[in-house]
Amino acid sequence: MCSSSSQGATDSLVVCLPDTTNNMFEPVSQSAREIRELSWLVLGICAAIGLVVEAVLVWSILRFRARPHAAKGEPSQVYGSNSVEIAWTVVPCVIVFVLTLATVRTIREVELTEPPSGALMVIAIGHQWWWEYRYEAEGVVTANELVVPVGRPVWLTLLSADVIHSWWVPRLTGKTDLVPNWTNHTWFNAEQAGIYKGQCAEYCGTQHGGMFLRVEARAPAEFAAWIEEQKQPASVVMAAEQGHQLFTELACMNCHEVVGTSDGTFGPSLTHLMSRSTIGSGVAPLDRDTLRLWIADPSNLKPGCNMPSLKLNDEELDAMVGYLLTLR
Ligand code: CUA
């Protein structure tokens with residue numbers, strides 16, 4: 001669900017609202033469920049401690065408040081009470097011990113050291129400020145929208161092209177960082193079809209807040225069909241030749257891959273651009289209008305992003321948008 005709003009007198013800014021919840025208390029995978037259960041336990045224990053402390057505090061404030069005719073001076077003092085000392089040492093130790101055991105148990109269940117059997121293997125690479133996804137075995141490269149089959153574990157190898165990012169889709173699993181020159185892994189198993197959203201969870205620069213995550217879990221047959229589509233080379237439409245020509249003459253092809261035309265890797269692959277539903281890593285819905293706004297100047301939608309404005313005139317813009325719209 002997206003709505004347009006006006007920012008200042010100049011550009012129209014598109015604000016994208018989540019069309020599904022990203023509530024971590026509504027898990028759709030085993031590991032997210034484990035994390036929810038641990039969260040309830042920790043919240044419950046902490047809430048109970050908070051209640052007891054507040055209750056004693058309020059009681060003390062009322063019971064020992066200053067009264068106009070009360071005797072002056074200090075209340076009676078208690079020193080060296082063994083029972084009190086033992087109680088406030090042992091009870092917190094037991095609480096911390098319980099929380100530690102529960103946490104270690106959950107971490108062991110959530111963090112695997114090797115991929116579950118039959119897992120779909122995907123390499124996820126964090127970039128400022130978008131996500132690259134490489135399905136190595138399938139020979140598919142896409143960006144920002146991870147498509148996975150329902151009911152099959154997905155093993156993500158997490159890498160970074162620049163700074164530290166963090167992959168967090170709360171309904172699927174907990175957060176794991178993508179660290180330059182380091183390999184991390186995470187996994188999840190989506191139990192229901194749907195769109196699961198998230199957000200880069202480690203500050204990574206100006207557009208950290210515009211680095212959304214989107215995982216689409218599809219039925220296995222639909223997923224297989226999607227893979228087949230993605231494996232096709234980019235479509236060639238004669239009517240879009242002028243835009244295609246521009247794409248190859250301008251700087252576009254240095255950064256973007258369009259199989260059959262260019263092999264840039266600095267920016268997202270555009271081979272099947274229009275099979276995605278958002279632009280700019282989820283900052284706006286992908287359609288003719290937002291595409292035009294984006295190409296005119298990406299900072300219309302994503303201020304600070306690394307793609308420059310190519311300063312195209314209206315005719316060139318139309319041709320370029322016309323070409324990109326054919327990349328299905
Ligand atoms: Cu990427 Cu924050």
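Cut-offs used in this document
Residues numbered from 1 in each chain as written. Predicted model: local features only at pLDDT ≥ 70, side-chain atom pairs only at ≥ 80, totals over all residues. Heavy atoms only, no water. Pairing = 2+ DSSP bridges. Helix = DSSP H or I, 4+ residues; strand = E, 2+ residues; numbered from the N terminus. Axes fitted to C-alpha atoms, helices over the stretch in contact; angles between N-to-C directions. Contact = heavy atoms within 4.5 Å. Buried < 20%, exposed > 50% of the residue type's maximum accessible area, 1.4 Å probe, protein only. Salt bridge = Lys/Arg side-chain N within 4 Å of Asp/Glu carboxyl O. Phe/Tyr/Trp six-rings, centres within 6.5 Å; stacked < 30°, edge-to-face > 60°. Lys NZ or Arg CZ within 6 Å of the ring centre and 35° of its normal. 1 Å grid on protein atoms, 1.4 Å probe; cavity = no way out; pocket = protein on both sides within 12 Å on 5 of 7 lines; lining within 4 Å. Points joined across faces, edges and corners; volume = space filled by probe spheres on them. Nonpolar A, V, L, I, M, F, W, Y, C, P; charged D, E, K, R; others polar. Core = buried A, V, L, I, M, F, W, Y, C linked by side-chain atoms within 4.5 Å.

(A) View of the sheet that holds strand 12 (residues 212-218). If you trace the 3 strands from one edge of the open sheet to the other, you get 6-12-11, paired in mixed fashion. Each edge of the sheet is formed by a strand with only one pairing partner; in this case those strands are strand 6 (145-149) and strand 11 (194-199). In this sheet, neighbouring strand axes are inclined to one another by 20° on average, regardless of whether the strands run parallel or antiparallel. Bridge count between strand 11 and strand 12: 6 bridges; the pairing is antiparallel. For glycine 194, the partnering residue across the bridge sits in strand 12 and is alanine 217. Packing against the sheet, helix 3 (residues 220-231) makes contact with strand 6 and strand 12, and its axis sits at approximately 130° to strand 6.

(B) Structural context of the environment of leucine 38. Along the chain, the position of leucine 38 falls in helix 1 (residues 30-63). Overall, the relative accessible area of 18% leaves leucine 38 in the buried class. Those residues in contact with leucine 38 that lie beyond four places of it in its chain are Ala102, Thr103 and Thr106.

(C) Seen up close, the pattern of salt bridges. All told, the structure shown has 8 salt bridges when counted by the stated rule. We note a salt bridge from glutamate 136 to arginine 134, for which the minimum N-O separation is 3.6 Å. The partner of aspartate 318 in a salt bridge is arginine 292, and the shortest N-O contact between them spans 2.9 Å. Taken as a pair, aspartate 318 in helix 7 (residues 314-325) and arginine 292 in helix 6 (residues 288-296) lie far apart in primary sequence, 26 residues in all. Overall, aspartate 318 belongs to the partly exposed group, its relative accessible area being 44%. Overall, the relative accessible area of 26% leaves arginine 292 in the partly exposed class. The network of salt bridges with shared partners includes Glu132, Arg134 and Glu136.

(D) Structural view of the packing of aromatic side chains. Across all of its chains, the model carries 6 aromatic pairs by this definition. Summarising the aromatic geometry, the rings of tryptophan 59 and phenylalanine 64 are spaced 5.8 Å apart at their centres and angled 85° between planes, so their arrangement reads as edge-to-face. Each residue in the set Tyr135, Phe223 and Trp226 is aromatic and connected to the rest through ring pairs, giving one cluster. Lysine 175 extends its terminal NZ or CZ atom over the ring of tryptophan 168, reaching a point 4.4 Å from the ring centre.

(E) Up close: the layout of surface pockets. The space that makes up the largest pocket amounts to roughly 680 Å³. Within the residue set of the lining of the largest pocket, elements represented by two or more residues are helix 5 (252-255), strand 15 (278-279), helix 6 and helix 7. When residues in the lining of the largest pocket are grouped by element, the largest group, 3 residues, is from helix 6. Residues of the lining of the largest pocket, tallied by class, amount to 21 nonpolar, 9 polar and 3 charged. In this structure, the second largest pocket encloses a volume near 290 Å³. Lining of the second largest pocket is provided by 17 residues; of these, Ile107, Val110, Glu111, Lys175 and Thr176 occupy positions nearest its centre. Contributions of two or more residues to the lining of the second largest pocket are made by helix 1, helix 2 (82-110) and strand 10 (184-188). At 4 residues, helix 2 tops the list of elements feeding residues into the lining of the second largest pocket.

(F) Region of interest: the sheet that holds strand 4 (residues 130-135). Read from one edge of the open sheet, 5 strands run 5-4-3-7-10, paired in mixed fashion. Two strands lie at the open edges of the sheet, namely strand 5 (140-143) and strand 10, each paired on one side alone. Going across the sheet, the axis of each strand differs from the next one's by a mean of 25°, ignoring polarity. Against the sheet, helix 3 touches strand 3 (120-127), strand 4 and strand 5, its axis set at about 95° to strand 5.

(G) A look at the pairing of strand 3. A large share of strand 3 lies buried, amounting to 6 of its 8 residues. Two strands pair when backbone bridges link them, and strand 3 and strand 7 (residues 154-160) are joined in this way by 7 bridges, in the parallel orientation. Following the sheet pairing, leucine 120 is matched in strand 7 by valine 154. Pairing of strand 3 with strand 4, which is carried by 5 bridges, proceeds in the antiparallel orientation. Residue pairing for strand 4: isoleucine 125 is matched across the bridge by glutamate 132. Counting the residues between successive antiparallel strands, the hairpin from strand 3 to strand 4 contains 2 residues.

(H) View of the nonpolar core. In terms of nonpolar packing, the biggest core is built from 32 residues, with Tyr133, Tyr135, Leu146, Leu156, Trp167, Phe188 and Val215 touching the most fellow members. Elements that contribute at least two residues to this core include exactly strand 3, strand 4, strand 6, strand 7, strand 12 and helix 3. Sequence-distant contacts of phenylalanine 188, that is, excluding residues within four places in its chain, are made with Ser29, Leu146, Val148, Arg152, Pro153, Val154, Leu156, Trp167, Leu172, Thr173 and Val215. Counting 27 residues, the second-largest nonpolar core is a separate cluster that includes Ala234, Leu270, Leu291 and Ile295.

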